[in-house]
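A closer look at the structure
Now for the letters of each chain:
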Amino acid sequence: MSGSMKLALVQLAVGAQKTANLSNARTKVVEAARMGANMVMLPECFNSPYGTQYFAQYAEDLRATESSESLRALSSMAKDSGVFLVGGTVPEKESTTGDLFNTCTVWNPQGEMVAKHRKIHLFDINFPGRMVFKESEVLKSGNEITEFSTPWGRFGLGICYDIRFPELAMIAARRGCVGMLYPGAFNTTTGPMHWELLLRARAMDNQIFAAACSPARDIEAGYQAWGHSTVVDPYARVIATTDEKQDIVYADLDFKLIQEVRKAIPIYTQRRFDVYPDVSA
Ligand SMILES: NC(=O)CC(=O)C(=O)O
């Protein structure tokens, strides 16, 4: 838990053409690497529009890199750019059962997959007259907590709605992770209320970094993404953010802040597991 790392969040403009989305993602990942990024994150559904009607149409079999156009593209982006790549999410079809998942893969600078996370908590909301969305009508939920190692420390992964469930970040931090990474796509209803608040809460409660990467807003799309890809430090300060347009957000993560804040405000070691259970145990 030392040193520093440059994280880049690629807030990608996503359209209906998968091949064009993959090519745009590649251009932006290469650009971020040229700017010195060590790790790059893409948004939720970076290769397809976001909506329950699109998952089946865009889904790929993710069991092997070779069999998936999107995984081949992510692997080569990571390798050619020499970065850790948190590959947003891709609609996944499990070929034996036909089940659909919303899935994030992570790649090392050699282009090898080092983690695969299926969205655990499915996004079902109902704001009558404003926004109704029910991922559980078409998707199955993942059943595993996901973390991966880097030279700068371990990171936990969640996808969008997963951020609303504090347990994942709590477990990751108790297991020694230095940050939580969330490819996400909040919207213009929930984004202004909760996006930054949730990131700051996950960072503050656990005294770790938290970052979320959104697609850019497409005003023609059925689902209006919030944008505002953001990085928060272990003091819960926003250290980098943007508006709703396509952009790359850069942040230097200084990992000594984790020890510093835990010394200053020692909640990390004051937990009372004699009074309540340790969810990470
Ligand atoms: N899109 C999501 O999964 C979550 C979201 O938009 C929200 O929680 O709000």
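All of the points below concern the structure found in this document.

Here is what the cut-offs are and how they apply
Residues numbered from 1 in each chain as written. Predicted model: local features only at pLDDT ≥ 70, side-chain atom pairs only at ≥ 80, totals over all residues. Heavy atoms only, no water. Helix = DSSP H or I, 4+ residues; strand = E, 2+ residues; numbered from the N terminus. Rg over C-alpha atoms; globule rule 2.2 N^0.38 Å. Contact = heavy atoms within 4.5 Å. Areas by Shrake-Rupley, 256 points an atom, 1.4 Å probe, with all protein chains shown as cover. Lys, Arg positive; Asp, Glu negative; His and termini not counted. Charge placed at Lys NZ, Arg CZ, Asp CG, Glu CD. Near = heavy atom within 4 Å. Polar contact = N/O pair within 3.5 Å; in protein donor to acceptor, adjacent residues only side chain to side chain. Nonpolar A, V, L, I, M, F, W, Y, C, P; charged D, E, K, R; others polar. Disulfide = S-S within 2.5 Å. Buried < 20%, exposed > 50% of the residue type's maximum accessible area, 1.4 Å probe, protein only. Phe/Tyr/Trp six-rings, centres within 6.5 Å; stacked < 30°, edge-to-face > 60°. Lys NZ or Arg CZ within 6 Å of the ring centre and 35° of its normal.

Here we come to the overall build of the protein chain. Secondary structure assignment for the protein chain yields six helices and 15 strands. A globule of 281 residues ought to have a C-alpha radius of gyration of about 19 Å, and the protein chain, at 18 Å, matches this closely. Dimensions of the protein chain, computed from the C-alpha atoms along their principal axes, are close to 50 × 45 × 40 Å. Taking contacts inside the protein chain between residues at least 6 apart in sequence as the whole, the part at least 24 apart equals 69%. Surface exposure of the protein chain reaches about 11,900 Å², of which carbon and sulfur atoms provide 50%. A gap of 3 Å separates the mean positions of the 29 positive and 31 negative side-chain charges of the protein chain.

What follows concerns the site of the ligand. In the vicinity of the ligand, the residues found are E44, Y50, K119, F123, C160, Y161, R164, A185, F186, N187, T190 and Y223. At 3.3 Å from an oxygen atom of the ligand is found a side-chain nitrogen or oxygen belonging to N187. Notes on the ligand: free accessible area 260 Å², of which the protein chains cover 100%. Classifying every residue of the shell around the ligand by side-chain character gives seven nonpolar, two polar and three charged.

The next point concerns the state of the cysteines. As used in these notes, a disulfide is a covalent bond between sulfur atoms, one from each of two cysteines. According to the stated counting rule, one finds zero disulfides in the structure shown. A disulfide-free cysteine, C45 has its sulfur positioned 9.2 Å from the sulfur of C160, the nearest such atom. Residue C45 is classed as buried on the basis of its relative accessible area of 2%. Here C104 stays free of any disulfide, with the sulfur of C213 as its closest cysteine sulfur at 10 Å.

Take the environment of F101 next. In this fold, F101 is placed in strand β5 (residues 100-107). A relative accessible area of 7% places F101 in the buried class. Measuring from C-alpha to C-alpha, the distance between F101 and S136 comes to 9.9 Å, with 35 residues separating the pair along the chain.

Throughout the structure, instances matching the rule amount to 14 aromatic pairs. Measuring from ring centre to ring centre gives 6.4 Å for F155 and F255, while their planes differ by 75 degrees; the resulting arrangement is edge-to-face. Of the two residues, F155 is situated in strand β10 (residues 153-157) and F255 in the loop between β15 (247-254) and α6 (256-264); the sequence distance between them amounts to 100 residues. As far as the burial class goes, F155 and F255 line up, both buried. An angle of 85 degrees between the planes, with centres 6.1 Å apart, marks the rings of F273 and Y276 as edge-to-face. Taken together through their ring pairs, the aromatic side chains of Y50, F55, F123, F133, Y161, F165 and Y223 make up a single cluster. When the ring centre of F101 is taken as reference, the NZ or CZ atom of R118 above it lies at 3.8 Å. Directly above the ring of Y268 sits R174, whose terminal nitrogen or CZ lies 4.8 Å from the centroid.

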